[in-house]
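# A structural walkthrough
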Amino acid sequence: MVAYNFPREYQWSGHDNTQLVTLFDLRPYLKKGKNSISIEAEGRVIQPEVIAFGSVLTKGGQETQIRTNREWYAEPIPIGLSQNSWTMPLYSVSHWKKAILGDQKRKRFVSTVPNQVFEKPFYGKWMVKDDRVGETRFQTEVNIDDPAQAYIRIASYGDFWIWVNGERLEAKGLQSSYNAGEWKVQWSGRRPLATPAVMLDPDEVGSFYAGYRYEDPRHGDPTKNDFKRYENTQNRTRDRPNQTGGDLTGDGDEEKGREQDPYGFYEEADAAKPLTLKRKGFSAQFHAYDISGLLDSGRNTIEVKLVENVSPGYKGSQPMKFAVDGECHTLDGNVYEFASLSWFDDRSAPVKFGYQVQPDELPLLEFYKSNDVGASWLNKVLCIIGALILAIVLVYHYPHLGRLSVIYSVSLGLAAIFAFSMAERSEYLWFLLENRGPLLVVLCILTSLLVLLCGKRWKRLLKSETHRTVWIVALLCIVFISRAWMVHYQPIDDDEYASIQAVLAIAETGAPYLSEDIWYSRSPLYHYMAAGVVKIFGPHIWSLRLYSVVLAVLTAWVMWRICISYFSERWIACASVLIFALHPFLIFSGHIARFYQQQQLMVLMMIFLFIEGFILRKGMWFRVWAIILFTCAVLSQEISITFVPVFLVAYLLFGRGVPFKWDIKSLVYIVFAGVLIAADILLFKVKCITESVGVSPNLEATIAPTFWELGNLGSMFIGYSRLHIVLGLFYIVSFIYSLRRGASVVITLHVFLIVSVVCFNLLITSVSFRYMYCVIPLWIILGTHGIVVMSKWVAAQSYLSSASSLRWVILVVVLASMSPWRIPASYNEKILGDPISSLAYVRSQIREKDKVMITEPHPHAALLELGRVDYDLVVPILYDFTYRSEGVLRDRNGGAVVVNRLADLQKIFANEERVWVILNREKFRSRKKNIRWEYPGAREELYIRQNCALKYRSYLWAVYLWDQSSGEFNTFRKEPDGWSE
């Protein structure tokens, strides 16, 4: 079981993973003698906590316990050691500080892995397949009374299928798995040639003709360089340097593509030994399955089929064989062992056992959750359907009891939807614990009684004008506090830095200068308004972000006005603003110093005025202000121009006849708006977009037809981490009700939302949920309307006056589906990667002649925090963020020299005495020890790790220092005519 990741733009604290247990099979990694167990923890809090426990059982029966306690050593960085050498047993960390113990409360852990799977030694014995027979099936039977929990483990040489009571066990999610289907049973890799994948060398593969290749490779290991040229000799018995492969000063061989080979022996074709004798032919496999849901009370069958490999190639000398063990625990405490069962082949002949499997024969254990037969979910569905049928029967025959059953059925359905919405969060663990079913039933019964007793009493809260004023003031205060609290603590977003840089430039010079030739002219209305705020209150994070917070409060007030104007139920206004106040995505984006919140406010006001002027014909000035606000929305975020087809569709469907002079005046204002928008786009093309020097893999979003991600059409109604599932259901209720009743204004709101979502997905090249951010308040209003419609319908069906109380219950469920309890703790966590702390450390340590290098797109962050930046490290190069000046490629935002090749990095280290390298580990995509060689920047990252000292770490960021005085320099291979590429 693993925890899903939710998007980082949510104002949520992290998953409560302390309840989950991650199990590791340490056996293949442990060696006789001294071993080290190392843990590297990274979290969004200042001091992440970790707990580890386990044991090691030796062949002699001695058990050694593994527990995290005060005897462990812990440091934020490996002090006195290279970045990864601290994980090796030959290095001592006794000079580190002792670990600090955290919360000592006992925790209840949850795991889907049955007990003893990773704890008990494997006791199975080998059963060998007869090569004279084709594919062979092996079968056994076991009688079990009341099975509760069971697992089976199988070790094999060769591919196999395994069935339990006719159900084939599958490894979910592995398309090329050995047992995912008969057509999938094949060897991976280049089986016919029996050649493992190696790191290719351009000297050997640069030409298809042998005459143009080097007869003797000029170099071996690309991570080593002793600046000597070696030639192959006939005497291959002489000692090779460092023939054990050890490297006492480096980080180990795990990060290298192949073994050390200065003579180039491993790069030759070696035919001294037949391939059939060099390899076993079948790799060992060791898998475990949870079969608790597949066993029946009584007779059970287990069947294994060894599958012949039909692909061409060399057949190894290792015979196909397998071994099985496992356990089944019953309700009365009995244990059935699978290792002692008798097996028979497909000719009903008993199978002879070989020797017991030795621990060193087993590879790493892989656990799979077995097939879910779906009985539990079927029972839940049947229970819900049965409850609804019972409610209908009781309503007609026993009215008083029937009312309770109707409300109970609705409560039960809300509980099921709520549980479904939590399936991608750690809160779902609560539903997996034992005895939750009866507790949910009792909770639904109590909720039903509460709804019946309260009746219309809840409606009195919004009756008087005083109550409404108190509610709106209180809700606006919640909106402000939820976004303004600890507004300075959260790190600045990548895009937020660009806006901050432009705003500060406008406040200082009057123009959004990034450099002498480049302006950041995007979203001019937002940047100039934010610059006015900075001019008044000062250039600091509070004035930059609180401007967005104030805009969020105004947006909530506009939502209130729309609900009051178009819906008879004032409760809709109250509930909509409350959901807006506690929506985690809206809270986070509502304090970002970026144009998101201003665009959302302009769009919501624009929709309101469009309906007033173009649909309801309340006056010409409503039309004028709708056009003005549309222009403001585009000048706040140019992508807002996608609302043009939205307006067109809404006007064609619901526009009413107006005097001809209204249309003429509207057309004149539309022309003026078009001129302003065209001027903004022209300025963007001339002063913001630099001359293209290549095709960038990172293209900014633009307006163009795109049909690649049609699945995102439903993202508004689902949301990340299923955030919108519950309220999305009631949005559907509102949509159906509006169509049946023919409410033109409400249908217009639905058209605005649906057509907007379609246009955002089909007309914006970079599909993202954040581009639909501006219409989320509209979705909230319509979903809340669906809550009212649903509560009235349920009350009408049960002849009750409990609609008012039922809607409050539904609202509580909607708010709970957004996990609001995560919001308070999130203010003390770094939700985004934290470059500010890393840059603050560099600012405290930097010397006058030091150079600063930072990964793209953060040179502007270094410029703002340090006052200077020299190099921009970006692999591969992102031309969206660069421009050419006097023959040098520079970063657009900071003017730093672009470093996009290993050769450039080597030259800088050779010429500069000290260089601070500030890396965003998300960009290099290797957060752990081993480097992913298929990712861009792998060589550069390894080069930095080997030559620079790790000085500081913050969330997702690392600070390295290159210092020539350290006397250590390990380069990649050096070509005769220049630096390595």
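Residues numbered from 1 in each chain as written. Predicted model: local features only at pLDDT ≥ 70, side-chain atom pairs only at ≥ 80, totals over all residues. Heavy atoms only, no water.

As annotated in an unreviewed UniProt entry, the protein is ArnT family glycosyltransferase from Rubritalea spongiae. The UniProt entry for the protein carries this comment under Subcellular location (unreviewed entry): "Cell membrane". (UniProt positions renumbered as here; feature names shortened; annotations may be inferred.)

## Concerning the overall build of the protein
Tallying secondary structure elements over the protein gives 26 helices and 21 strands in all. Every one of the 981 residues in the protein was classed for burial, and the buried ones make up 48%. Of the accessible surface of the protein, which amounts to about 49,900 Å², a share of 58% is contributed by carbon and sulfur atoms. (Helix = DSSP H or I, 4+ residues; strand = E, 2+ residues; numbered from the N terminus. Buried < 20%, exposed > 50% of the residue type's maximum accessible area, 1.4 Å probe, protein only. Areas by Shrake-Rupley, 256 points an atom, 1.4 Å probe, with all protein chains shown as cover.)

## What to know about the packing of aromatic side chains
The full count for this structure, using the stated rule, is 31 aromatic pairs. With centroids separated by 6.2 Å and ring planes inclined at 35°, the aromatic side chains of W471 and W808 adopt a geometry described as tilted. Of this pair, W471 sits in helix α7 (residues 465–484) while W808 sits in helix α20 (residues 803–816), and the two are 337 residues apart along the sequence. Taken together, a centroid distance of 5.6 Å and an interplanar angle of 80° make the contact between Y513 and W519 edge-to-face. Through a chain of ring-to-ring contacts, three or more aromatic side chains come together here, namely F610, F614, F630, F643, F647, Y651, F752 and F760. The aromatic ring of W126 is capped on one face by K321, whose charged end is 4.7 Å from the ring centroid. A cation over an aromatic ring shows up here: R807 above the ring of W571, its NZ or CZ 5.5 Å from the ring centre. (Phe/Tyr/Trp six-rings, centres within 6.5 Å; stacked < 30°, edge-to-face > 60°. Lys NZ or Arg CZ within 6 Å of the ring centre and 35° of its normal.)

## Quick word on helix α19 (residues 776–797)
Since one α-helical turn is 3.6 residues long, residues separated by three or four positions face the same way. Here α19 spans 32 Å end to end across 22 residues, near enough to the 32 Å set by a 1.5 Å rise per residue. Counted residue by residue, α19 has 17 buried out of 22 residues, so it is predominantly covered. (Expected span 1.5 Å × (residues − 1).)

## Here's the deal with the pattern of salt bridges
The tally for this structure, following the rule as stated, stands at 24 salt bridges. A salt bridge links E496 to R545, with the shortest nitrogen-to-oxygen separation between them at 2.8 Å. On the criterion of sequence distance, the pair formed by E496 in helix α8 (residues 494–509) and R545 in helix α10 (residues 541–566) is long-range, its members being 49 residues apart. Shared partners join several salt bridges into a network, and the residues in it are K120, E327 and E337. (Salt bridge = Lys/Arg side-chain N within 4 Å of Asp/Glu carboxyl O.)

## With respect to the confidence of the model for the protein
Scored by pLDDT, the protein comes out at a mean of 78, with 76% of its residues at no less than 70. This stretch, residues 974–981, has a pLDDT under 50; its non-local contacts, to residues over four places away or in other chains, come to 18 contacts. (pLDDT = per-residue confidence, 0-100. Contact = heavy atoms within 4.5 Å.)

## Observations concerning the sheet that holds strand β6 (residues 159–164)
Pairing in this open sheet of 5 strands is antiparallel, and the strands run β7-β6-β9-β4-β12 from one edge to the other. The two strands at the open ends of the sheet, each matched to only one other strand, are β7 (167–168) and β12 (344–345). By the bridge criterion, 6 bridges tie β6 to strand β9 (residues 298–307) in an arrangement that is antiparallel. Within β9, the residue paired with I162 across the bridge is V304. (Pairing = 2+ DSSP bridges.)

## Examining the packing of α8 against helix α9 (residues 524–537)
Axis separation between α8 and α9 bottoms out at 8 Å; the angle between their running directions is 60°. Judged by the inter-axis angle, α8 sits oblique to α9. Helix-helix and strand crossings are classified by hand; for α8 and α9 the assignment is right-handed. In contact with S499, A502, V503, L504, I506 and A507 of α8, α9 contributes Y526, H527, Y528, A530, A531, V534 and K535. Partitioned by chemical class, the residues of the contact of α8 with α9 number 10 nonpolar, 2 polar and 1 charged. (Axes fitted to C-alpha atoms, helices over the stretch in contact; angles between N-to-C directions. Parallel < 35°, antiparallel > 145°, perpendicular 65-115°, else oblique. Left-handed = near helix turned anticlockwise from the far one by under 90°. Nonpolar A, V, L, I, M, F, W, Y, C, P; charged D, E, K, R; others polar.)

## So, the side chain of H750
Along the chain, the position of H750 falls in helix α18 (residues 744–763). Setting aside residues no more than four positions away along its own chain, H750 makes contact with Y731, S734, F735, S738 and L782.

## What about empty space enclosed by the protein?
According to the stated counting rule, one finds 3 cavities of 30 Å³ or more in the structure shown. Here the largest cavity defines a volume of roughly 110 Å³. If you tally residues by element for the lining of the largest cavity, the top one is helix α12 (residues 584–589), at 3 residues. When its residues are assigned to classes, the lining of the largest cavity shows 5 nonpolar, 1 polar and 3 charged. (1 Å grid on protein atoms, 1.4 Å probe; cavity = no way out; pocket = protein on both sides within 12 Å on 5 of 7 lines; lining within 4 Å. Points joined across faces, edges and corners; volume = space filled by probe spheres on them.)

## What to know about the pairing of β6
Burial within β6 is extensive, with 6 of its 6 residues counted as buried. Here β6 shows no split at all, with D159, W161 and W163 on one side and F160, I162 and V164 on the other all buried. Of the pairings in the sheet, the one linking β6 to β7 comprises 2 bridges and is antiparallel in character. Counted as the bridge partner of V164 is E167 from β7.

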